[in-house]
Amino acid sequence: MGAKEKALELMERDPVLYMDMLGPFHRGMTEIVAQSGEGLLLYNVPGRAYMLAADTRAEAEALCAGVESMAIATAHSREAGEFLRDRYGLPDLQPCTQAAYLVSTPLPLEGEVEILQLGQSYFSVILENYHTFTDAAYVRRRIDAGVMHGAFREGELLGFIGMHDEGSVGMLEVLPPHRRQGAAAALMAFMTNWCLARGWVPFSQIFAGNEASLSLHRRVGWTLSQKSMYWVMPE
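Residues numbered from 1 in each chain as written. Predicted model: local features only at pLDDT ≥ 70, side-chain atom pairs only at ≥ 80, totals over all residues. Heavy atoms only, no water.

(A) Inspection of the sheet that holds strand β2 (residues 40-44) at higher detail. With mixed pairing, 7 strands are arranged side by side in an open sheet as β1-β2-β3-β4-β11-β5-β10. Of all the strands in the sheet, the pair left with one neighbour each is β1 (30-35) and β10 (203-207). On average, each strand axis in the sheet is inclined to that of its neighbour by 30°, with strand direction left out of account. Looking at chain direction, strand β3 (residues 49-53) and strand β4 (residues 73-75) are connected through 3 bridges and run parallel. The residue of β4 that forms the bridge with methionine 51 is threonine 74. Along the sheet face, helix α4 (residues 78-88) touches β3, β4, β5 (92-100) and β11 (223-233) and points at about 150° away from the line of β4. (Pairing = 2+ DSSP bridges. Helix = DSSP H or I, 4+ residues; strand = E, 2+ residues; numbered from the N terminus. Axes fitted to C-alpha atoms, helices over the stretch in contact; angles between N-to-C directions. Contact = heavy atoms within 4.5 Å.)

This is how it looks when you write it as structure tokens:
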């Protein structure tokens, strides 16, 4: 069995938990850095992120032996996440639920909204309302990548959604005056279908405690991981 086949076999043990690795792997976005019988380390090239599948600290250490530095990473066990935090000085260890849409049937777009691609004229409103982080250069790059979309009603922007550079659906925000009116579900359905049209499995991560997002993902038919994965990041 070749390296790619071995990597696929490992990730497919739990495809939802490992979808941040498996999806970009299928899209040709990753490189295999190291692998063993029970573990795998990938590098997501456009996202500049390492992605580690290891159940134990010792396994994580062995897989990362040849990597001198990391700027950001994902881990799929707390032990591996704690190793990355300690080894690479990445203090922000954030547990997440992984979510993926595992069927090929497009979702219906409910509600009287129009979904349109957003250009740089919407940069300021995205930056002001996207609360996960405030990296202006990153927001501009995502707009330039053509992945940011907005929901409109009668020409008024209700909210927006996009895709992160490592391949996950995200950056979903509904503007305060328009919440609880179906815009979030419409944006999620649109982005699900946008990924399906490109032959991709849509996936995302939901930070611990975000019950509204968990509920939204369930409502539109996405599958949630039974175990947590972790983003390991600088502050």
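(B) Local environment of the packing of helix α7 (residues 183-197) against helix α8 (residues 211-219). The geometry of α7 relative to α8 is characterised by a closest axis approach of 10 Å and an angle of 55° between their N-to-C directions. Put simply, α7 runs oblique to α8. At the point where α7 passes α8, the crossing takes the right-handed sense. Contacts between α7 and α8 pair Ala184, Ala185 and Met188 from the former with Leu216, His217 and Arg219 from the latter. (Parallel < 35°, antiparallel > 145°, perpendicular 65-115°, else oblique. Left-handed = near helix turned anticlockwise from the far one by under 90°.)

(C) Up close: the pairing of β2. For β2, the tally of buried residues reaches 4 of 5 residues, placing the bulk of the element in the interior. Relative to β2, β1 runs antiparallel, the two being bridged by 5 bridges. Its bridge partner being in β2, alanine 34 is matched across the sheet by leucine 41. Hairpin connection, β1 to β2: the antiparallel pair is bridged by 4 residues. Pairing geometry for β2 and β3, over 5 bridges, is antiparallel. In the sheet register, leucine 40 faces β3, and the bridge partner there is alanine 53. (Buried < 20%, exposed > 50% of the residue type's maximum accessible area, 1.4 Å probe, protein only.)

(D) Structural view of the sheet that holds strand β6 (residues 114-117). Taken in spatial order, the 4 strands make up an open sheet running β6-β7-β8-β9, and their pairing is antiparallel. Each edge of the open sheet carries a strand with a single partner, namely β6 and β9 (169-174). On average, each strand axis in the sheet is tilted by 25° relative to the strand beside it, whichever way the strands run. Bridge count for β6 against strand β7 (residues 149-153) is 4 bridges, and the pairing is antiparallel. By the bridge assignment, glutamine 117 is partnered in β7 with histidine 149.

None of this, on its own, says anything about what the molecule does.
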